[in-house]
Amino acid sequence: ERGARERRKASGQYSFRFFEDLMARLFTGCIILMMCIASLSGQSVAQNAQDRAREKAKTTPVADENRIVFFGDSITEWWKLADYFANRPYINRGISGETTSQMLVRFRSDVIKLKPKVVVILGGINDLARNPGPKTMKAIEANLASMVTLARDNGIYVVLASLLPVRDYDTAKDSRPDQIRHINRWIKEYATAHGVTYLDYYSAMADGKGLLKDELSNDGLHPNSRGYQVMAPLAEKAITSALKKRS
């Protein structure tokens, strides 16, 4: 019986030591976790501060800076401008999935506030894709015209780009090819009538059937690197033309 009591006592002491050791390990782990969280939080705050500083610096152009804003949807957002326009003060303000109505809403904050000399506007394909709902051709045209008016009222010259051709549709069911050609005719006529620089991406990127050339896109809608290589010199030429109108 005495031996049994000693064994129980020893077992209890072992359990207590095990529990004590476990709690110590948990406490140490919590301290390490809190330190990691604090470190990451500090890094996040520092990164946010750097991002805010960069954005603030963008608000006011430096003297004689030919600042250009590329404004549009995913076709613009996915364009890595620095890879195609080295050492140019070009700012990307594309947001994936946006329609011309959504672009118009943010035009003041994402274009006018940045005080560029020129804005390159490319939008409308998501309207035709009924994203987030059906849009009329007149509504698309009105939205684009409103953006041009806002820009010019604020001393910003405009490059109005054609829609790109697409290749991701069933020609038996999809009316977008005809709609794209219709919109592009309107954009060209509007640009000519209002002294706006017209940027024709469509002609350089469409094949003989009016589809987006296969080698210029991986998904039939968005340009790949080769597609952007075709677009870059066209955009540069249009920007140069718009800047000459300022002089």
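Cut-offs applied
- Starting afresh in each chain, residues are numbered from 1 along the sequence in its written order.
- Only residues with pLDDT of 70 or above have their local features reported here, since the model is predicted, and side-chain atom pairs are shown and tallied only from 80 upward, although totals for entire chains, interfaces and linings are computed over all residues.
- Side-chain metrics rest on all non-hydrogen atoms present in the structure, leaving aside hydrogens and water.
- When accessible area is computed with a 1.4 Å probe and restricted to protein chains, residues below 20% of their type maximum are described as buried, those above 50% as exposed, and intermediate ones as partly exposed.
- What counts as a helix is a DSSP run of H or I of at least four residues, what counts as a strand is a run of E of at least two, and both are numbered from the N terminus.
- For two strands to be treated as a pair, DSSP must find no fewer than two bridges joining them.
- By definition here, a helix of n residues has an expected span of 1.5 Å times n minus one.
- In what follows, a contact means two residues having at least one pair of non-hydrogen atoms within 4.5 Å.
- Take the buried Ala, Val, Leu, Ile, Met, Phe, Trp, Tyr and Cys residues and link them wherever side-chain atoms come within 4.5 Å; each set so joined is a nonpolar core.
- Paired rings are identified among Phe, Tyr and Trp, the last through its six-membered ring, by centres lying within 6.5 Å, and are further divided according to the angle between planes into stacked (under 30 degrees), edge-to-face (over 60) and tilted (the rest).
- Contacts described as polar in this section are N or O atom pairs within 3.5 Å, which, within protein, must combine one atom able to donate a hydrogen with one able to accept it, while residues neighboring in sequence count only if both atoms come from side chains.
- For this document, the term salt bridge refers to a Lys or Arg side-chain nitrogen within 4 Å of an Asp or Glu carboxyl oxygen.
- The convention used is that axes are lines fitted to C-alpha atoms, helices contributing only their stretch in contact, and that angles between N-to-C directions extend from 0 to 180 degrees.

1. Details of the pairing of strand E3 (residues 118-122)
(1) Moving on: A large share of E3 lies buried, amounting to 5 of its 5 residues.
(2) Moving on: Residues Val 118, Val 120 and Leu 122 line one face of E3 and the alternating positions Val 119 and Ile 121 line the opposite face, and both faces are buried.
(3) Moving on: Bridge count between E3 and strand E4 (residues 157-161): 4 bridges; the pairing is parallel. When the bridges of E4 are listed, Val 120 appears paired with Val 159.

2. Comments concerning helix H8 (residues 176-194)
(1) Moving on: Helix length check: H8, at 19 residues, gives a terminal C-alpha distance of 26 Å against a target of 27 Å (1.5 Å per residue), a fit within 8%.
(2) Moving on: Buried residues of H8: Arg 176, Pro 177, Ile 180, Ile 183, Asn 184, Trp 186, Ile 187, Tyr 190 and Ala 191, and no others.
(3) Moving on: On its buried face, H8 is in contact with helix H6 (125-128), helix H7 (137-153), E4, strand E5 (197-199) and helix H9 (202-205).
(4) Moving on: Following H8 by one or two positions, Gly 195 has its phi on the positive side, about 65°.

3. Describing the nonpolar core
(1) Moving on: Counting residues in hydrophobic clusters, the biggest one holds 60 residues, and the most contacted among them are Phe 70, Trp 79, Phe 107, Val 119, Ile 121 and Tyr 201.
(2) Moving on: If one sorts the elements of this core by residue count, H7 sits on top with 8 residues.
(3) Moving on: Discounting residues that sit within four places of it in the chain, Trp 79 has contacts with Phe 70, Tyr 84, Phe 85, Asn 92, Tyr 201, Tyr 228, Met 231, Ala 232 and Ala 235.

4. Some words on unusual backbone geometry
(1) Moving on: Residue Asn 87 is not a glycine yet carries a positive backbone phi of 60°.
(2) Moving on: Mapped onto the elements of the fold, Asn 87 is located in the loop between helix H3 (81-84) and strand E2 (90-94).
(3) Moving on: A positive phi is found at Lys 115, a non-glycine position, where the angle reads about 55°.
(4) Moving on: Along the chain, the position of Lys 115 falls in the loop between helix H5 (107-110) and E3.

5. Comments concerning the packing of aromatic side chains
(1) Moving on: Applying the stated criterion to the full structure yields 10 aromatic pairs.
(2) Moving on: Summarising the aromatic geometry, the rings of Phe 70 and Tyr 90 are spaced 5.7 Å apart at their centres and angled 45° between planes, so their arrangement reads as tilted. With a gap of 20 residues between them, Phe 70 in strand E1 (residues 68-72) and Tyr 90 in strand E2 connect regions that are remote in the sequence.
(3) Moving on: The buried category is assigned to Phe 70, whose relative accessible area is 2%.
(4) Moving on: An angle of 25° between the planes, with centres 5.1 Å apart, marks the rings of Trp 79 and Tyr 228 as stacked.

6. Concerning the side chain of Glu 65
(1) Moving on: Position of Glu 65 relative to the elements: it lies in the loop between helix H1 (2-59) and E1.
(2) Moving on: In terms of polar contacts, Glu 65 uses its side chain to reach the side chain of Arg 67, at 2.9 Å.

7. Some details on the pattern of salt bridges
(1) Moving on: Summed over all chains, the structure comprises 9 salt bridges.
(2) Moving on: A salt bridge links Arg 88 to Glu 236; the nearest nitrogen and oxygen atoms lie 2.6 Å apart. In this pair, Arg 88 is assigned in the loop between H3 and E2 and Glu 236 in helix H10 (residues 225-246), connecting sequence segments 148 residues apart.
(3) Moving on: Its relative accessible area of 43% is what places Arg 88 among the partly exposed residues.
(4) Moving on: Using a relative accessible area of 17% as the deciding quantity, one classes Glu 236 as buried.
(5) Moving on: Between Arg 167 and Asp 207 there is a salt bridge; the shortest N-O distance is 3.1 Å. Here Arg 167, found in the loop between E4 and H8, pairs with Asp 207, found in the loop between H9 and H10; they are 40 residues apart in sequence, far enough to count as distant.
(6) Moving on: A relative accessible area of 24% means that Asp 207 is categorised as partly exposed.
(7) Moving on: Residues participating in the shared-partner salt-bridge network are Arg 93, Glu 98, Arg 106 and Asp 110.

8. Here we look at the sheet that holds E3
(1) Moving on: Pairing within the open sheet is parallel, and its 5 strands lie in the order E2-E1-E3-E4-E5. The sheet is open, and its two borders are formed by E2 and E5, each paired with just one other strand. For this sheet, the mean angle separating the axes of adjacent strands, direction not counted, is 20°.
(2) Moving on: As paired strands, E1 and E3 are joined by 5 bridges and run parallel to one another. What sits directly across from Ile 68, in E3, is Val 118.
(3) Moving on: Seen against the sheet, H7 touches E1, E3 and E4 and runs at an angle of roughly 160° to E4.
(4) Moving on: Of the strands in this sheet, E1, E2, E3, E4 and E5 are in contact with H10, which crosses E5 at around 180°.

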